[in-house]
Amino acid sequence: MLLRHTPKEITERSALTINPAKTCQPIGAMYAALGVHGCLPHSHGSQGCCAYHRSALTRHYKEPVSAATSSFTEGASVFGGGANLVAAIENIFTVYEPDVIAVHTTCLSETIGDDLPQMTDKAIKSGKVPDGKHVIYANTPSYVGSHVTGFSNMVKGMAKGLAVATGRKNGRVNIIPGWVEPSDMEEVKRLAAMMGLDIILFPDTSGVLNGALTGEYKMFPEGGTPIADLVASGDAIGTLALGEWCSADAARWLDTQCKVPCSVLDMPFGLKATDRFIDTLRMVGGTSVPDSIAFERGQLVDLISDMHQYFYGKKVALVGDPDQLIAMTEFLVSIDMKPMHIVTGTSGSKFEKRIDEITSAAGYKANVKAGGDMFLLHQWIKNEPVDLLIGNTYCKYIARDEDIPFLRFGFPILDRVGHQYFPTVGYKGGLHLLTRILDLLLTRTDRDETEEKLELVY
Amino acid sequence: MASSAKKLVNWTPTDIKADMLAKYPPKVARKRASQILINEALGNETPEISANVRTIPGIITMRGCTYAGCKGVILGPTRDIVNITHGPIGCGFYSWLTRRNQTDASAEGAENYMMYCFSTDMQDQDIIFGGEKKLQAAIQEAYDLFHPKAIAIFATCPVGLIGDDIHAVARKMKAKFGDCNVFAFSCEGYKGVSQSAGHHIANNKIFSEVVGENDAEKPGEFKINLLGEYNIGGDGFEIDRILKKCGITNIATFSGNSTYDQFASAHKADLSAVMCHRSINYVADMLETKFGIPWIKVNFIGAKSTAKSLRKIADYFGDPGLTARVEEVIAEEMPEVEAVVEDVRTRTTGKTAMLFVGGSRAHHYQDLFAEMGMKTLAAGYEFAHRDDYEGRQVIPNLKVDADSRNIEEIHVDPDEKRYVPRKTTEEMARLEAAGFKFKEYDGLIPDMDHQTLIIDDLNQYEAEKLVEIVKPDIFCAGIKEKFSIQKLGVPMKQLHSYDSGGPYAGFKGAVNFYKEIDRLVNSKVWSFMKAPWQENPELSATYVWE
């Protein structure tokens, strides 16, 4: 047994987190910043933070992840990191020539109280920021919230740092996709294009973190939200924020500061959430939904009906981030699966309330915990076993010990590929997700069924 | 090959160096110039390189931090210590199982916490009001849940800044439990200039808190400690297999596949064999000073180096039976190695490599490449010190700067009861007279060819330049560098955690490495970069013209 010390009996823990279901803010900020074209993320702290975040993102995507660091030493930690940041800004613009640097803080620079706006201002006034180039920033203390919070803060930082309201609407629709994969961002753009809408998607890591091998290395690949689009986001006719935790803050900022009305939706995983997304997009954009999208929807409904007998009543344990889990739980419940244990490492009672609403409507109560960890999830599973486990790569130890089919979903996925290429959002994403779930469940049946009962046709 | 050979003729090392520096602001260029050396080692003269110096803010470095070196590298591979990271959640999360250290916990009832990540997950109120109470509660919860024999506490950046006294908490809980050793590491990420500082902090603490705790006699003959071997991809398993076959007893590995008891019993060995000089040579020194255990440098990377190291250990013990057994083992193991390398060499001879990794691996792995007929064009370390480049003779003259001053140096005296010289002065003198070398390491530079490039703390920009200009057949570094190099169409092998596969140490490891490098440099994928219409875009025009 790999997790041989995890007891079935659950005891209260107030101080010790074991096998976390979250990580810290800065990595979220780094991931978001990679979704801006020509942007170099910069970690204002000691160099280990940047090394860890780059490593984790690199392992998840199997792609280069460039980011710089202020490389704090003990001296900088005592006297402040201002000199390090100004030197870093000069070096970065000279050597790497990005269009924009996206600075985020760390627990180190936050604890000593480094003032980013003042330091950035100093860099600009001393001529370290070339004309036409930008520095945007977000405060991302690691001891508040989680990686999700950091993502949200940097997305808001993009709006704050670049969006301009000229007072003349440009007819475009902002979509903030939240922390989803490059493949998902691509899918959102495809759906919007099918509806004939001119959207501004930010951030957009498609083409950045699912790149091609061509013999050429570009530190700043073709993908990413163009800076001009971020500037124009202040003149959009509306914003769709996909996910309360990941995207709402930026959308609300654009609403109050730039008078761009916002709608906060769930992430479009599964039938109903995608329905709401497409329907809202239609209304905000003032367009109609083409038959081609209705056809894709019909295909998803068709698959659910064809294979319903294999989903029905199957118990699921889920671990991941709030926005993803809410939409995923709703989807699974809608096909009559039974999410039994749901854990996110990110705190927030709103999460537990939403999950309760979804499962209560289906007539049962699930174990749900915001601010929980995978140790607790494993204990819940030991007490009430499940048919399927959904979560990031770290779940593989639980899956192996408990012999549960395991769907890799979320961040990080360190031992498989596919997430960067095939979407989960939209109807197509739903088809892809259900295909994978079916494959896991039926492969298990093929393995475990008695010889006399094994069937050729499912 | 043809194109790379042509390029090499056109670019002298001086040109390459100049090109790498050209774009830097003057201050950066000056600093980097002192860390980029064109090897002009001649006879006994080894040129000086600047190393273990601060990273330049904004320059994309390969380096990590002190916490990573302490918790991730040194204590990560020990299976039966509950390692609690005291800090916000990230540091514990990122160092959770990401280094491919293997461990054998198959024994009945064996403890294994390596799959677990423990953290105090500090919140803003802990930063404001102090985190000692939460730390104490977390240690108690870990003890109540697992009853481990040891709990280790690791400080992250904010802990040092807010002044949590983690050592006091550790002492208090150790006294309270009575049957669980609790100790703490002040390994805040901002200390030192790289993960090397973390290695020091970790090793010093293990030496002062754990080594010597178990005085029980250990069975076996020819007892050694293996220092600086981390069992990445099972390297330590392979070395242990060979040692066992030779009849050599490994008391403690620091720290691959290790247990608390191994560290506690390390003073029972009669020789320390040092693999990674950078991360642990000072522990070998302390083991000698305190307990009288001499040390030698070994290298189990490369089949010939493995044989050489085994002979060196046998020479030390001076036992004819052991010497004969070692020769038997070498004779038994080498045929398979030679058969594979002979086949692989037909496809690898003349190919070129660059190695930028670690504090020893950039040196050791050159032996394996040499066995395959491959030439190392450039190499350097990520976090080494000058002695790892130039040899141990420079140690007395190393400057103590503001950063290194903050890393605790512990003073050790001979243990009143347990100091036992393993060899008499005469025996030592006789061995030395016969050419046997104790505590000797000449470093990377003397082993590299004239006019090769030696670069300390290579960064992403310089790596890209090097690969673009020189086009080596393979580049070795870490995960962060992997894909930017491969985008250029050059295979990249991680030598920190090996990507996948291993072991690469010992005899079977050498075979694995030959095959792996053969796979990488001869993979067809590198010929797939261009689509047919990109290779010959003018074809249809030619047709029409005809």
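Provided above is the structure to which this section pertains.
Below or above, wherever it landed, is the structure these notes cover. (Residues numbered from 1 in each chain as written. Chains lettered and ligands numbered in written order. Predicted model: local features only at pLDDT ≥ 70, side-chain atom pairs only at ≥ 80, totals over all residues.)

Along chain B, the regular secondary structure elements total 24 helices and 14 strands. Its C-alpha atoms give chain B a radius of gyration of 25 Å, within 12% of the compact-globule value 24 Å for 546 residues. For chain B, the spread of C-alpha atoms along the principal axes amounts to about 90 × 65 × 50 Å. For chain B, the share of sequence-separated contacts (at least 6 apart) that also reach a separation of at least 24 residues comes to 76%. (Helix = DSSP H or I, 4+ residues; strand = E, 2+ residues; numbered from the N terminus. Rg over C-alpha atoms; globule rule 2.2 N^0.38 Å. Contact = placed C-beta atoms within 7 Å.)

So, about the environment of Ala241 of chain A. All names here are of chain A. Following the sequence through the fold, Ala241 ends up in strand 8 (residues 238–242). By C-beta crowding, Ala241 is classed as buried, having 26 other C-beta atoms within 10 Å. Expressed as a C-alpha distance, the spacing of Ala241 and Val208, which sit 33 residues apart in the sequence, is 22 Å. The contact partners of Ala241, leaving out residues within four places of it in the chain, are Ile176, Ser247, Ala248, Ala250, Ala251, Cys262, Val264 and Leu265. (Buried ≥ 20, exposed ≤ 12 C-beta atoms within 10 Å, placed from the backbone.)

The next subject is the pairing of strand 6 (residues 223–229) of chain B. All names here are of chain B. In terms of burial, strand 6 is largely enclosed, as 7 of its 7 residues are buried. As defined by bridge partners, strand 6 adjoins strand 7 (residues 249–255) across 6 bridges and the pair is classed as parallel. For Lys223, the partnering residue across the bridge sits in strand 7 and is Thr249. After leaving strand 6, the chain enters helix 11 (residues 235–246) and then returns to the sheet as strand 7, a path that is right-handed. Relative to strand 8 (residues 271–274), strand 6 runs parallel, the two being bridged by 4 bridges. Looking at the pairing, Ile224 lines up with Leu271 of strand 8. (Pairing = 2+ DSSP bridges. Right-handed = clockwise from strand over helix to strand, strands pointing away.)

Each partner contributes residues to the interface: chain B has 68 residues there, and chain A has 61 residues. Looking at side-chain class alone, the side of chain B that touches chain A contains 38 nonpolar, 16 polar and 14 charged residues. Here strand 1 (residues 17–18) of chain A runs beside strand 3 (residues 118–119) of chain B; their pairing, made up of 2 bridges, is antiparallel. Paired with Thr17 of chain A across the two strands is Ser119 of chain B, which belongs to strand 3 of chain B. (Nonpolar A, V, L, I, M, F, W, Y, C, P; charged D, E, K, R; others polar.)

Residues and elements named next belong to chain A. Taken together, 4 strands build an open sheet; the order of strands is 7-6-8-9 and the sheet is parallel. Two strands bound the open sheet, and with one partner strand each, they are strand 7 (199–201) and strand 9 (262–265). Across the sheet, the mean angle separating the axes of adjacent strands is 20° when strand polarity is ignored. (Axes fitted to C-alpha atoms, helices over the stretch in contact; angles between N-to-C directions.)

Our focus in this paragraph is helix 14 (residues 349–361) of chain A. Residues and elements named next belong to chain A. With 13 residues, helix 14 extends 18 Å from end C-alpha to end C-alpha; this agrees with the ideal 18 Å at 1.5 Å per step. Regarding helix 14, the residues found buried are Phe351, Arg354, Ile355, Ile358 and Thr359. Seen along its axis, helix 14 keeps its buried residues to an arc of 125°; they face one direction. Facing away from the buried side of helix 14, by more than 90 degrees, are the exposed residues Ser349, Lys353, Glu357, Ser360 and Ala361. Gly363 occupies a position one or two residues after helix 14 and carries a positive phi of about 90°. (Expected span 1.5 Å × (residues − 1). Arc of directions from axis to C-beta.)

Here the focus is the sheet that holds strand 13 (residues 388–391) of chain A. All names here are of chain A. Taken together, 5 strands build an open sheet; the order of strands is 12-11-10-13-14 and the sheet is parallel. Each of the sheet's edge strands pairs with one partner strand only, and the pair in question is strand 12 (367–370) and strand 14 (406–408). On average, each strand axis in the sheet is tilted by 15° relative to the strand beside it, whichever way the strands run. As judged from the 4 bridges shared by strand 11 (residues 338–344) and strand 12, these two strands associate in the parallel manner. Considered in strand 12, the bridge of Thr344 is made with Ala370. Relative to the sheet, helix 14 contacts strand 11 and strand 12, its axis offset from that of strand 12 by approximately 160°. Its contacts with the sheet place helix 15 (residues 374–383) against strand 10 (315–320), strand 11 and strand 12, and it is angled at close to 155° to strand 11.

Moving on: unusual backbone geometry. Each neighbour pair has its own omega, and for Phe202 of chain A with Pro203 of chain A the value is -5°, a cis peptide bond. Mapped onto the elements, Pro203 of chain A comes out in the loop between strand 7 and helix 9 (227–232). Residue Gly502 of chain B is joined to Pro503 of chain B through a cis peptide bond whose omega torsion reads -5°. For Pro503 of chain B, the position within the fold is in the loop between strand 14 (492–494) and helix 22 (506–521). Even without a glycine there, the phi angle at Asp499 of chain B is positive, about 60°. Positionally, Asp499 of chain B belongs in the loop between strand 14 and helix 22. Classification of Asp499 of chain B by C-beta neighbours within 10 Å gives partly exposed; the count is 17.

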